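This is what each chain is made of:
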Amino acid sequence: MFSTCNSPIIMIMNAYLTVDLQNPVAKIDSRLYGSFIEHLGRAVYGGVYEPSHETADDMGFRGDVIDMVKQLHVPIVRYPGGNFVSGYNWEDGTGDRSKRPRRMELAWQSIETNEVGIDEFQEWAKRADTEVMMAVNLGTRGSAEACNLVEYCNSETDSYYANLRRKNGFETPFGIKVWCLGNEMDGEWQIGHKTAYEYGRAACEAAKLMKWVDPTIELVACGSSSIYMATFGEWERTVLRECYDYVDYISLHSYYGNPSNDTPAFFASAVDMDRFIKQVAAICDEIKAEKHSDKTVNLSFDEWNIWFHSNAQDQKIKKWQVAPPLLEDIYNFEDAVVVGDLLITLLNNSDRVRIACLAQLVNVIAPIMTETGGRIWAQTIFYPFMYTSVYGRGTALRSFCECETYNAGSGKEHVPYIDTAAVLSDDETTVTVFAVNRSLGTSCTLALSVLGYTPVGQIALEGDDLKAVNTADEPNRVIPTEKPVTGDIALSPHSWNMIVYKKG
Ligand code: AHR
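What you see is a predicted model; the values in this text were computed from it and never measured. (Residues numbered from 1 in each chain as written. Predicted model: local features only at pLDDT ≥ 70, side-chain atom pairs only at ≥ 80, totals over all residues. Heavy atoms only, no water.)

Structural notes on the domain arrangement of the protein chain
A common way to report how large an interface is uses the accessible area buried once the components associate.
Alright, step 1. Here the domain parsing of the protein chain yields domain 1 (12-22 + 398-503) and domain 2 (29-391).
Alright, step 2. The C-alpha centroid of domain 2 is placed 29 Å from the C-alpha centroid of domain 1.
Alright, step 3. Contacts between the two partners involve 38 residues from domain 1, matched on the other side by 35 residues from domain 2.
Alright, step 4. Summed over both partners, the interface of domain 1 with domain 2 buries about 3,000 Å², with 67% contributed by carbon and sulfur atoms. (Domains from an automatic or database assignment. Contact = heavy atoms within 4.5 Å. Buried area = accessible area lost by both parts, 1.4 Å probe.)

Okay, structure coming up:
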């Protein structure tokens, strides 16, 4: 038996992992590895789009950014916001670029030039081997504009908006499958913030018309902006009561951070994420039962990441600039361990979380950083995301880890030092185990056997300096290393690991 220690500093640790090949969690939806690009800061302008950059293509998209996005194998990218979408006129970003309006963008108090809009972004997505997940404005606009946008993007009819798309040079519909019904409408900061009932009604009517225009689309209703919202729970219940029959997913958003430099507590962030997911899934099922419905509403965790490093810096940024350097968190090694652990949690809940979006993708709280007019580099968090996205496809297996626990405070008195997820590849030749060692003090010897499979290799993100970062000058300070495996697996203190097993 294992004891619960109050101190995260321990001398010796053994852990035992069992991987159950018989009772999987779920077939993983590849959209679990989605991401997000908002018209915010330098995500679009100076990020994905920079016509004067030496790698720019014929449409002005940075080739170096596309190459790096491809390495992440992101299947879907949410666009164009975020808070931005709640004041956005989608028509501004279509047609003749010389006639597009330059607007005051209220959400981030910047100037939006509209050089890039849906016409361009859907083309960028194709070039980056990804799909668009489109958000509609339910802040300043409503069901009419939302269903016009569905017609513009997806319709083959001989009708005004489908013909406008043709006139703008796109004969073939864009075929956008997943649509978000607004963004964070529970937040007072949101343009057009609503009560749960007001939003539930608006979402229901927009959803109904959008599905009339294209019955094949999937819709995401706004859930809570975080588990800490005063309205959390009641918001989901009220919204789902109004629009359950029309929506396919409810969203969850959550950002984590270590502003008080309490790393043991920060390393328990995935416990909070797990709790949030389980509570929202329970509410969805409560409403399903209340409605005597056969339909299950699943979860779209369409904003998750670490966000706190840039908060103070952002207060100093001058308003009403084009592409100001907002939300440019520089991620360190401990952030990468936490991101790896959040992905473990998403995998272990992949029966209900079918879509998730790392927020965001380029420059704005992002795994990829660029200098406007210059270099590109991978932040620390790039690596656990890339490896999980590449190897974490197939079927999520249940893994049970016996290990010591620690007290991370506030309702997290028994946090296991070791957190794991396991994935069986579609061809059943490979089982991949993802493991985080949350201990700051010592290495863990992980005894695990996967029946019928042999360990062939381990990738580890480990190091002594929890605050080490990658920069344009030193892009490879925090990168994973390959380790040979023989017998039990060694998990270094505060590390993220991936262990690959092959059949036979
Ligand atoms: O991702 C940054 C912002 O975080 C988004 O615009 C908003 O939805 C959330 O509050």
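Now that the structure is up, let's keep going.
Notes on the pattern of salt bridges
Alright, step 1. Tallied over the entire structure, the rule returns 36 salt bridges.
Alright, step 2. A salt bridge links D57 to R127; the nearest nitrogen and oxygen atoms lie 2.9 Å apart. A residue pair is termed long-range when its members are at least 10 positions apart, and D57 in the loop between β4 (34-36) and α1 (63-72) and R127 in helix α2 (residues 118-127) qualify at 70 residues.
Alright, step 3. D57 gets classed as partly exposed once you look at its relative accessible area, which sits at 26%.
Alright, step 4. Overall, the relative accessible area of 22% leaves R127 in the partly exposed class.
Alright, step 5. With a shortest N-O distance of 3.5 Å, R97 and E120 are connected by a salt bridge. Placement of R97 in the loop between β5 (76-79) and β6 (103-105) and of E120 in helix α2 is noted, with a sequence separation of 23 residues between them.
Alright, step 6. Relative accessible area serves as the criterion here: at 34%, R97 is assigned to the partly exposed category. (Salt bridge = Lys/Arg side-chain N within 4 Å of Asp/Glu carboxyl O. Helix = DSSP H or I, 4+ residues; strand = E, 2+ residues; numbered from the N terminus. Buried < 20%, exposed > 50% of the residue type's maximum accessible area, 1.4 Å probe, protein only.)

Some points on the site of the ligand
Alright, step 1. Around the ligand, a shell composed of 13 residues is seen, among which E38, N83, E184, Y255 and E303 lie nearest.
Alright, step 2. Between the ligand and E38 there is a distance of 2.6 Å, counted from an oxygen atom to a side-chain nitrogen or oxygen.
Alright, step 3. In this structure, an oxygen atom belonging to the ligand sits 2.7 Å away from a side-chain N or O atom of E184.
Alright, step 4. Within the complex, 95% of the 290 Å² of free accessible area of the ligand lies under protein.
Alright, step 5. The residue inventory of the shell around the ligand, partitioned by class, reads 6 nonpolar, 4 polar and 3 charged. (Near = heavy atom within 4 Å. Polar contact = N/O pair within 3.5 Å; in protein donor to acceptor, adjacent residues only side chain to side chain. Areas by Shrake-Rupley, 256 points an atom, 1.4 Å probe, with all protein chains shown as cover. Nonpolar A, V, L, I, M, F, W, Y, C, P; charged D, E, K, R; others polar.)

What about helix α5 (residues 196-213)?
Alright, step 1. The terminal C-alpha atoms of α5 lie 25 Å apart, and with 18 residues this matches the ideal 26 Å at 1.5 Å per residue to within 8%.
Alright, step 2. Buried within α5 we find A196, Y199, G200, A203, C204, A206, A207, K208, M210 and K211.
Alright, step 3. Residues of α5 that are buried sit in contact with β8 (131-136), α3 (143-154), β9 (178-181), β10 (218-221) and α6 (234-243). (Expected span 1.5 Å × (residues − 1).)

Some thoughts on the packing of α1 against helix α11 (residues 382-391)
Alright, step 1. It is the contact of α1 with α11, at a shortest axis distance of 8 Å, that shows an interaxial angle of 55 degrees. The angle between α1 and α11 falls in the class oblique. Residue-level contacts link M68, Q71 and L72 of α1 to F382, F385, M386, S389 and V390 of α11.
Alright, step 2. Of the residues contributing to the contact of α1 with α11, the split by class is 6 nonpolar, 2 polar and no charged. (Axes fitted to C-alpha atoms, helices over the stretch in contact; angles between N-to-C directions. Parallel < 35°, antiparallel > 145°, perpendicular 65-115°, else oblique.)

A few points about the packing of α6 against helix α8 (residues 269-290)
Alright, step 1. Running from N to C, α6 and α8 cross one another at 40 degrees; their axes reach a closest spacing of 10 Å. Classified by the angle their axes make, α6 and α8 are oblique. Helix-helix and strand crossings are classified by hand; for α6 and α8 the assignment is right-handed. Only V280, I283, C284, E286, I287 and E290 of α8 make contact with α6, whose side of the interface consists of E236, R237, L240 and R241. (Left-handed = near helix turned anticlockwise from the far one by under 90°.)

What about the sheet that holds β9?
Alright, step 1. With parallel pairing, the 8 strands of this closed barrel are ordered in space as β4-β5-β8-β9-β10-β11-β12-β13. In this sheet, adjacent strand axes meet at a mean angle of 30 degrees when their direction is disregarded.
Alright, step 2. In the sheet, strand β12 (residues 298-306) pairs with strand β13 (residues 353-359) via 4 bridges, with the strands oriented parallel. Directly across from L299, in β13, lies its bridge partner V353.
Alright, step 3. Packed onto the sheet, α5 meets β8, β9 and β10 and runs at close to 150 degrees relative to β9.
Alright, step 4. The strands touched by helix α10 (residues 333-348) within the sheet are β11 (249-256), β12 and β13, with β12 carrying the most contacts at an inclination of about 175 degrees. (Pairing = 2+ DSSP bridges.)

Considering the environment of M498
Alright, step 1. Position of M498 among the secondary structure elements: in strand β25 (residues 495-503).
Alright, step 2. When the C-alpha positions of M498 and N14 are compared, they lie 18 Å apart, and in sequence the two are 484 residues distant.
Alright, step 3. Those residues in contact with M498 that sit more than four places away from it in its chain are Y387, Y391, T432, V433, F434, G457, Q458 and I459.

So, the packing of aromatic side chains
The geometry of an aromatic ring pair is captured by two quantities: the separation of the ring centres and the angle between the planes.
Alright, step 1. Within this structure, the stated rule accounts for 21 aromatic pairs.
Alright, step 2. Measuring from centroid to centroid gives 5.4 Å for F232 and F276, while their planes differ by 75 degrees, and the two rings are edge-to-face. With a gap of 44 residues between them, F232 in the loop between β10 and α6 and F276 in helix α8 connect regions that are remote in the sequence.
Alright, step 3. Of the residues examined, F276 reaches a relative accessible area of 1% and is grouped as buried.
Alright, step 4. On the basis of an interplanar angle of 35 degrees and a centroid distance of 6.2 Å, the ring pair of Y387 and W496 is categorised as tilted. (Phe/Tyr/Trp six-rings, centres within 6.5 Å; stacked < 30°, edge-to-face > 60°.)

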